[in-house]
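# Topology and contacts: notes
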Amino acid sequence: MSMALEITGDIAVLGYGLAAIGPGVGVGLIFAAVINGTARQPEAQNKLQSIAWIGFGVTEVLAIIGIALAFVFKGQA
């Protein structure tokens, strides 16, 4: 007797879950670097923080693209 496992659901949901890992790690690394840089040079906090927000925005675009593609590919198959 063989046991067959069936995967139910949409592959787009799995794809978005995997796509969300990268931006999550990226945001953590960005702000960890800002905290580290501010601890080393407190006078550079304003400059580091503005650069960090730009990096945060660029990194979050990856998550937005991932969810948009999940909706695009959900209709296909």
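The structure presented is a predicted model; accordingly, all values stated were derived computationally and were not measured.

A word on the overall build of the protein chain. A tally of regular secondary structure across the protein chain gives two helices and zero strands. In the protein chain, which comprises 77 residues, the share counted as buried stands at 17%. Here the protein chain has roughly 6200 Å² of accessible surface; of this, 71% comes from carbon and sulfur atoms.

A word on the packing of aromatic side chains. Each aromatic ring pair is specified by the distance between its two centres and by the angle formed by the two planes. Under the counting rule described, the total for this entry stands at three aromatic pairs. Ring plane angle 85° and centroid distance 5.5 Å describe the contact between Trp 53 and Phe 56, whose orientation is recorded as edge-to-face. One end of the pair, Trp 53, and the other, Phe 56, are both in helix H2 (residues 45-74), three residues apart, so they sit about a helical turn from each other. Members of the aromatic cluster, joined through ring pairs, are Phe 31, Trp 53 and Phe 56.

Attention now moves to a nonpolar patch on the surface. Taken together, the side chains of Ile 11, Leu 14, Leu 18, Ile 21, Val 25 and Leu 29 make up a nonpolar region of the molecular surface, amounting to roughly 640 Å² of accessible area. In this fold, Leu 29 is placed in helix H1 (residues 11-40). For Leu 29, a relative accessible area of 59% gives the class exposed.

The topology assignment puts Ile 51 in helix H2. Taking the relative accessible area as the measure of exposure, Ile 51 reaches 52% and is therefore exposed. Counting along the chain gives 17 residues from Ile 51 to Val 34, while the straight-line C-alpha distance between them is 8.9 Å.

Turning to the UniProt feature "transmembrane region" (unreviewed entry) in the protein chain, a few remarks are in order. In the numbering adopted here, UniProt assigns the feature "transmembrane region" (unreviewed entry) to residues 12-39 and 51-73. Secondary structure content for residues 51-73 is 100% helix and 0% strand, while the C-alpha to C-alpha distance between its ends is 34 Å.

Quick notes on the rules
- Residues numbered from 1 in each chain as written.
- Predicted model: local features only at pLDDT ≥ 70, side-chain atom pairs only at ≥ 80, totals over all residues.
- Heavy atoms only, no water.
- Helix = DSSP H or I, 4+ residues; strand = E, 2+ residues; numbered from the N terminus.
- Buried < 20%, exposed > 50% of the residue type's maximum accessible area, 1.4 Å probe, protein only.
- Areas by Shrake-Rupley, 256 points an atom, 1.4 Å probe, with all protein chains shown as cover.
- Phe/Tyr/Trp six-rings, centres within 6.5 Å; stacked < 30°, edge-to-face > 60°.
- Patch = residues over 30% accessible without salt bridge, like charges linked within 9 Å, V, L, I, M, F, W, Y side chains within 5 Å.
- Salt bridge = Lys/Arg side-chain N within 4 Å of Asp/Glu carboxyl O.
- UniProt positions renumbered as here; feature names shortened; annotations may be inferred.

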